[in-house]
Amino acid sequence: NWTEDNNLKLNPDKSTSTLFTPDPAEYSTQLNLQINNTLIPTVKNRKILGLTFDPKLNYGEHIKTTQDNTNKTTNILEALTSTKCGNQKETITTTYKTICRPILEYASTIWSPIVSNTNINKLQTTQNTALRIVTGCTTDTNAQHIPERNTHTANTRTSKTTRITTAQKSST
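Below you will find a few notes about this structure.

Definitions and limits used
- Every chain is numbered independently, its residues counted from 1 as its sequence is written.
- Local features in this predicted model are restricted to residues of pLDDT 70 or higher, and side-chain atom pairs are both shown and tallied only at a pLDDT of 80 or more, whereas totals for entire chains, interfaces and linings draw on every residue.
- Computation of side-chain values covers all heavy atoms of the structure but excludes hydrogens and water.
- Here the axes come from fitting lines to C-alpha atoms, over the contacting stretch only for helices, and the angles between their N-to-C directions go from 0 to 180 degrees.
- Only DSSP runs of H or I reaching four residues or more are called helices, and only runs of E reaching two or more are called strands; each is numbered from the N terminus.
- An angle below 35 degrees is treated as roughly parallel, one above 145 as roughly antiparallel, one from 65 to 115 as roughly perpendicular, and anything else as oblique.
- Residue contacts are counted whenever heavy atoms from the two residues lie within 4.5 Å of one another.
- By definition here, a salt bridge exists when the distance from a side-chain nitrogen of Lys or Arg to a carboxyl oxygen of Asp or Glu is within 4 Å.
- Under the scheme applied here, a residue whose accessible area is under 20% of the maximum for its type counts as buried, over 50% as exposed, and between as partly exposed, the area being computed with a 1.4 Å probe on protein chains only.
- Classification of ring pairs rests on two measures: the distance between centres of Phe, Tyr or Trp rings, Trp counted by its six-membered ring, which must be within 6.5 Å, and the angle between planes, read as stacked under 30 degrees, edge-to-face over 60 and tilted in between.

Right, let's get into the packing of helix H2 (residues 60-81) against helix H3 (residues 89-105). Interaxial distance between H2 and H3 falls to 9 Å at its minimum, and their mutual angle equals 170°. When the interaxial angle is binned, H2 and H3 end up roughly antiparallel. Contacts between H2 and H3 involve Thr-66, Asn-69, Thr-70, Thr-73, Ile-76, Leu-77, Leu-80 and Thr-81 from the former and Ile-92, Thr-95, Tyr-96, Ile-99, Cys-100, Ile-103 and Leu-104 from the latter.

This is the structure:
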C-alpha cells in the first residue's frame, strides 16, 4: 500500500472523490473508492482552497459563487455612497478595489484560460454593477459608458486576455 509505505495516514471522514469528465452521462457516476475499508463519498462540486471544481471543469459553479459573493459586497459600496465619508470617489474606488475585485479575480490564473465567454460575461455584468456604484452612474447607463470600465473589465483583469491587453498597450 503506497500510503503505508510512505508513512501517510488518510482520514476517510475528511475525504471525498470527484470524477472529472467531458461526458455528461458520467456526471452522476458514484465512484467506489475506499480508504481503510471506508467508502469515500462522491461529490459533484468540490471546493479546494476557495476554488470550486465541477465535473466538466468549466468552473460554472465557481463563477456562480463568485457572482453571489461580489453582489454581497456591492451592498457595502451602496451603503458607503450614502454616507459622508463615502461621498469621496477615492474612498469608494479603494473599497471596490479592496473588497470586490479580489473576489472577482480569485484563482483566475487557474480558471480564466478555459472558462467560457458566457461565464466571463456573467462576471463582467456583476462587475459593471459595482462600477456603476463606484462612478455614480445609474443602472440604465450603458456599460460602454462607465468611466472606470475600460481599466477594470473582467477580460482585461484575468490572465485569459493578458496577451490582448499587452498587445493593446504596445500598439498605442
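There's more to say after this.
A separate point is the pattern of salt bridges. Counting across every chain of the model gives two salt bridges. The shortest N-O distance in the salt bridge between Lys-64 and Asp-68 comes to 3.7 Å. A residue pair is termed a helical-turn pair when its members lie 3 or 4 positions apart in one helix, as Lys-64 and Asp-68 do in helix H2 at four residues. Of the residues examined, Lys-64 reaches a relative accessible area of 45% and is grouped as partly exposed.

Let us now look at the packing of aromatic side chains. Per the counting criterion, the structure on display carries two aromatic pairs. Geometrically, the ring pair formed by Phe-20 and Phe-53 is edge-to-face, given 6.2 Å between the ring centres and 70° between the ring planes. Of this pair, Phe-20 sits in the loop between helix H1 (2-5) and strand S1 (34-35) while Phe-53 sits in strand S4 (residues 51-53), and the two are 33 residues apart along the sequence. Phe-20 gets classed as partly exposed once you look at its relative accessible area, which sits at 41%. Ring geometry for Phe-53 versus Tyr-59: centroids 5.8 Å apart, planes at 55°, classification tilted. By the burial criterion, Phe-53 is buried, and Tyr-59 matches it. Taken together through their ring pairs, the aromatic side chains of Phe-20, Phe-53 and Tyr-59 make up a single cluster.

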